[in-house]
Each structure stands twice: as C-alpha cells, then as structure tokens.
Amino acid sequence: MSVLVVIEPSAGIINKGGFELATFGKETAALSATKCITLVLGNASNAGELGIYGIDEVLTIDIPTYDSVVYAKTIAEASKKLDASIVILKHNANGKAAAGRIAIKLNAGLVSAVNAVPVLNGAVLQVKRGVYSGKASATYAISSSIKVITVLGNSIKPNATGNALPVSELDLPKVTSTLELIDRKTMSGRAPLPEADLVVSGGRGFKGPENWDILLELADTLGATTACSRPVADADWRPHHEHVGQTGVAIRPNLYIAIGISGAIQHLAGVNSSKTIVVINKDPEAPFFKAADYGIVGDLFEVVPKLTAAIKKLKHE
Amino acid sequence: MKTLVCISKTPDTTSKISFVDSGKNFNTDGISFIMNPYDEWYALVRAVELKEKVGGTVTAINVGDASNDLVIRKALAIGADDAIRVNANAPSSYFVAKQIAEIAKKENYDLIFLGKETIDYNGAEVGAQLAELLDLPFFSFVNHLEVEGKTNILKREIEGGEETIKVTGPCVISAAKDLAQQRIPNMQGIMMSKRKPLTVVEPIAVEELVSLITHDLPAPKKGVTLVNADNVDELVRLLHEEAKVI
C-alpha cells in the first residue's frame, strides 16, 4: 500500500506548492503507516529535494500535462503499479481536469479542494473542504478502497524532516496525445495568486489605473502578489487574471490587504479564507471592516505610501 | 452542430448560508436560486453563439427535481432549443456525471459544455468524470473557443498562464470567464421558452463512494482592530508581532 502524490513542476522547478503537497502526502501516509511516493510529471532540477519533506520515493515521468486523457491514464497505471490506496493531486487546472478521470478509472471516491490533512477512520477517509465559496465547510467520508483527492494551495506548511533522495524514472507504457499544444504563455515574476502567501488588492477607491503605482510599490516591498476587485477588472484597469472573488480567483493567503474595496459579499466569498485580512478604506461603514482582522479608516493615497515606508523600516531593522 | 450544455441550480451569490438537520442539509429558507453563473454566462451563451454562427441545436441538461424547471426555462429563454431534466436530487458529482453520461452516450454531441465549477460546491468535478465516462477529451477553464468544422482551437487558463490547444472531434469543455458575454433573455425568448420541449427522465442507479458527514460554519471573526491612520507603524507592529504574517 502507498500514498501517491502527483507533483507538477512549473518551468523545470518544483515550487512551494509542490513541497506543500509532499508534506500533505507524508502526513496522510502516516495515518496508516504506509509509504509516501511522489511522482513528478516532467523534469524538475530540484525533484530530489522532495525527500527533505519525508517522502520515501521520488519518481518522474514526462507527459503532456495539458492532456487530461494522457494524464489520467498515466496516473491510473502508476497507482496500480505502486499499489496506491490514496492518490493526491493539486487542486489546479490540470489536477482538477485529471482527478475526475482517475477516480472513474480506479472506481475511486473523489473529493476535490480538500484543505486539511484527512482523518482515517478504519478504512474510511474523512476529508474537509470549503463549500459555498468559503462561506462554510463540509466533511465527507470516502468509503471506496482507493481514494482520490485534490488539495488546495496553502493548506499546509511544508515540513522539512528528511534528506534529499535520488530520483528515478517510472517506467510505464507511453500514451500518445491526440492534442496539439499550439502555445503556452506563463506570467513570470510574482507567485500565482492561488498559492501566494501575501496578496495586496485594490478596488474602485483607486479612482483609475494611473494610480496603481503606490499599490505596486507596497506589493514589491512585501514581496506580495497583486489582485483586484471585479469592477476594477471589468473596467480594464487591471488584467482579468488579477480578479479575486466569487467569479474570479478564490485565494487563501496568510495576509490579504484590501485597499479601496468596499467588500461586497461576492468579493468576500473569494477571500474570506485568508488567515489575516487588513482593510484600508476611507468609508468607516464599508462592509469589509466586518470581515477584517485589522483596519485603517483613511485616505488610501495617504495611508498606502506610509504603510510601504513603515514596512521598509521594519525590513531594515 | 449539436451541443449539450450542463446547467446547475445554485443559491444566489448574495445568499446567507446556514444548515438544518444537524448540519446535514442546506437551509433553503429565504434563499433565491439562480442558474450557476459559469453555466449560464459562459457555457450556455457560447453554445448559443456557435449555433447562431454555424447552425445546429443546443440542448440544456439538468439533474434535479421539478423546482429546477425555473432555471431550465431560463436556459431555453437564453437560446437552448430543448431541455432534459433527470428527475433526482443528486447526492454527488459522480451521480450527476453518471446521469448525464447515460443520456449523452446515446446522442452524438459535437461539444459538451459546463461551467468551470458551481458556486455552491466549487468542486469542478463533473466535467472530468463525464468526459472519462464518454471517453472524450476534456478541457478545464476554457476562456476562448473557435470552431472550424471538426477542429476546435481553445485557450485555457492554467496556474499563472494560458495554453492554446487544437483538438479534432467531440470534447467536453468547462467554461471560464470571458468564453462569452452574459446575455439577458429578451421578451421573445421568454415567451418562446414556454413552448420549447422539456423532457423529464428518471435517473439510473449509482453506487455512491463518498458521503457527506456534516457541514460547519466558520467561527465568527473576533472583530476588527482599528488602527489610527496617523499611526501606520502600529499596524505594521501588529502584523509582525501579533498576526506574525510579515
């Protein structure tokens, strides 16, 4: 028996999200004292470092991850070969597209967007996930002999407990893709929103795209990823991929700083799982203050530069 | 072109969420229901746009009880030609995928659309399971789709980027923002929707592998700590020493 963790490197590197998943897999395997095996899809220069997170074996196989047919066939075959009882994938575009297929192939129960290490109750795995866009959570029991789960980013802190391991290739029959990848664009620089630790977000209070410099400077000072509210994205002040909220990206960073955002219920639904929320708004009646941990009532054009300066001071101390 | 659009009914985005029966069931008291926005704004509208461009039919499918007929009629008003309702309260995404696959495998749909996720369960589980049951390619988070004969060129959102993919033949597409622009049904559409066929079929039996134990609501926030706008250093101190996030 084993727990199989599927890791997707990005641009040849396993990032923080991959090490989170390794720790998640390790702790899940510990529930039944089984082995935790990671399978890295493609080349990653730092694949051996997965061993640092207590993994028993690091395997790789190079497949076109955009093809859910190839992805699912590969993982299902790997699961059989490695005698996996629990298959863990990241809750991202490719993971979500493959998990349902894998579950059908293995006749496995599927729960997606799991946000905490499961509990094992006999042969039944109990898992927790957010529902109603983060306004509630639900606990499920998976009773099938094989279980498939996808795990949200920022659900666990990577926990270094061991040493780097040698990496070996997993030998499986090659599956051919019927798709043609024409182009792939990746944004470089800041961490993608779903896995960012720190997020600075702006709303209509900024009055226009030309005023974003002070937000960008605050984000750069913190090393944070930038986001925005829906009206801002709809007005094309900021790119659509920055839109967080119920119909945008749902995030759960350690720190979410909302500046000039009133806090409509649809916006809160996408950010209410953030560990700490700071709200800066000139309107003391803004509904966002009710969901905030810390708040400043004031003019953002004065407060934000002061906040950037104060953080710079802290970083120099 | 023959397309199938899977639609769900979800609580309105502004709904206050609570549960009854010791956390087992969603409290529907005072809740207004809508068509899941991703299904309506993007999946359904793109299917209707393609029909308007190249001809064909759009069928809407829903798994639910008779109370769902209202959102199904809205899909017909927006432009679906006919609709199928599988008469069952679905206990899981697996159940939904099985029911839709059962119907879809008897028809040769060129494209099957659904929203990228429902705004109640946020699972994004049905599309991949349905595609596997039908042995079709599946694309998550598609925000652009052009069809040329049997060839589909699509763009999909990936973490921190975007991919452009070419696929030939039928496939299942999960729709993200920007795949289409929301349409408000007009009076003619609403009148016509009442005469369009809505077929009700009974579900097939499905063995459930996952069961709900309970729902919980988050612990209430302890309340906001307000810091004076002239004392930003204090906010930084709190974030550093109390919240320990910077």
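Everything here concerns the structure above.
Residues numbered from 1 in each chain as written. Chains lettered and ligands numbered in written order. Predicted model: local features only at pLDDT ≥ 70, side-chain atom pairs only at ≥ 80, totals over all residues. Heavy atoms only, no water.

J.: Please set out the overall build of chain A residue by residue, giving values where relevant.
T.: From N to C terminus, chain A includes 7 helices and 16 strands. For chain A, whose C-alpha radius of gyration is 21 Å, the value lies close to the compact-globule estimate of 20 Å for 317 residues. The C-alpha extent of chain A, read off along each of the three principal axes, is 60 × 45 × 40 Å. Looking at chain A as a whole, 59% of its 317 residues qualify as buried. Of the contacts made within chain A by residues no fewer than 6 positions apart, 65% connect residues no fewer than 24 positions apart. Carbon and sulfur atoms make up 52% of the accessible area of chain A, which amounts to about 12,100 Å² in all. Looking at chain A, you have 31 positive and 29 negative side-chain charges, and the mean spots of the two groups are 5 Å apart. (Helix = DSSP H or I, 4+ residues; strand = E, 2+ residues; numbered from the N terminus. Rg over C-alpha atoms; globule rule 2.2 N^0.38 Å. Buried < 20%, exposed > 50% of the residue type's maximum accessible area, 1.4 Å probe, protein only. Contact = heavy atoms within 4.5 Å. Areas by Shrake-Rupley, 256 points an atom, 1.4 Å probe, with all protein chains shown as cover. Lys, Arg positive; Asp, Glu negative; His and termini not counted. Charge placed at Lys NZ, Arg CZ, Asp CG, Glu CD.)

J.: So what's going on with the nonpolar core? Residues and values would help.
T.: Nonpolar side chains tend to gather and get buried jointly when the protein is soluble and globular. Residues and elements named next belong to chain B. Membership of the largest hydrophobic core comes to 39 residues, with the highest contact counts inside it found for Leu44, Phe113, Phe139, Leu145 and Ile173. Of all elements in the fold, only α1 (37-54), β6 (57-64), α2 (69-78), β8 (111-115), β9 (138-148), β11 (161-168) and β12 (171-175) reach the threshold of two or more residues within this core. No other element matches α1, which puts 9 residues into this core. Non-local contacts of Leu44, meaning those with residues more than four positions away in its chain, are made with Val5, Met35, Asp39, Val58, Ala75, Ile78 and Ala80. (Core = buried A, V, L, I, M, F, W, Y, C linked by side-chain atoms within 4.5 Å.)

J.: Give me the lowdown on the packing of aromatic side chains, citing residues and values where you can.
T.: All chains considered together, the criterion is met by 11 aromatic pairs over all chains. Ring plane angle 70° and centroid distance 6.3 Å describe the contact between Trp212 of chain A and Trp237 of chain A, whose orientation is recorded as edge-to-face. A residue pair is termed long-range when its members are at least 10 positions apart, and Trp212 of chain A in the loop between β12 (198-202) and α4 (213-222) and Trp237 of chain A in the loop between α5 (230-234) and β14 (255-259) qualify at 25 residues. When its relative accessible area of 1% is taken as the criterion, Trp212 of chain A is described as buried. Among the aromatic residues, those joined into a cluster by ring pairs are Tyr132 of chain A together with Phe19, Phe26 and Tyr121 of chain B. In this structure, Lys9 of chain B is placed above the aromatic ring of Phe33 of chain B, and the distance from its NZ or CZ to the ring centre is 4.5 Å. (Phe/Tyr/Trp six-rings, centres within 6.5 Å; stacked < 30°, edge-to-face > 60°. Lys NZ or Arg CZ within 6 Å of the ring centre and 35° of its normal.)

J.: Give a description of a nonpolar patch on the surface that names residues and reports values.
T.: A surface patch of nonpolar side chains, amounting to about 290 Å² of accessible area, comprises Met187, Ile190 and Met191 of chain B. Among the structural elements, Ile190 of chain B can be located in helix α5 (residues 187-193). (Patch = residues over 30% accessible without salt bridge, like charges linked within 9 Å, V, L, I, M, F, W, Y side chains within 5 Å. Salt bridge = Lys/Arg side-chain N within 4 Å of Asp/Glu carboxyl O.)

J.: Report on the sheet that holds β6 of chain B, specifying residues and quantitative values.
T.: By way of backbone hydrogen bonds, the strands of a sheet pair with one another, either parallel or antiparallel. Within the open sheet, the 10 strands sit side by side as β11(A)-β11(B)-β10(B)-β9(B)-β12(B)-β8(B)-β1(B)-β6(B)-β7(B)-β13(B). Their pairing is mixed. Two strands lie at the open edges of the sheet, namely β11 (180-186) of chain A together with β13 (198-201) of chain B, each paired on one side alone. On average, each strand axis in the sheet is tilted by 25° relative to the strand beside it, whichever way the strands run. Where strand β1 (residues 2-6) of chain B meets β8 of chain B, 4 bridges bridge the pair, whose relative direction is parallel. By the bridge assignment for β8 of chain B, Leu4 of chain B is matched with Ile112 of chain B. Relative to the sheet, α1 of chain B contacts β1, β6, β8, β9 and β12 of chain B, its axis offset from that of β8 of chain B by approximately 155°. Relative to the sheet, helix α4 (residues 126-134) of chain B contacts β1, β8, β9 and β12 of chain B, its axis offset from that of β8 of chain B by approximately 160°. (Pairing = 2+ DSSP bridges. Axes fitted to C-alpha atoms, helices over the stretch in contact; angles between N-to-C directions.)

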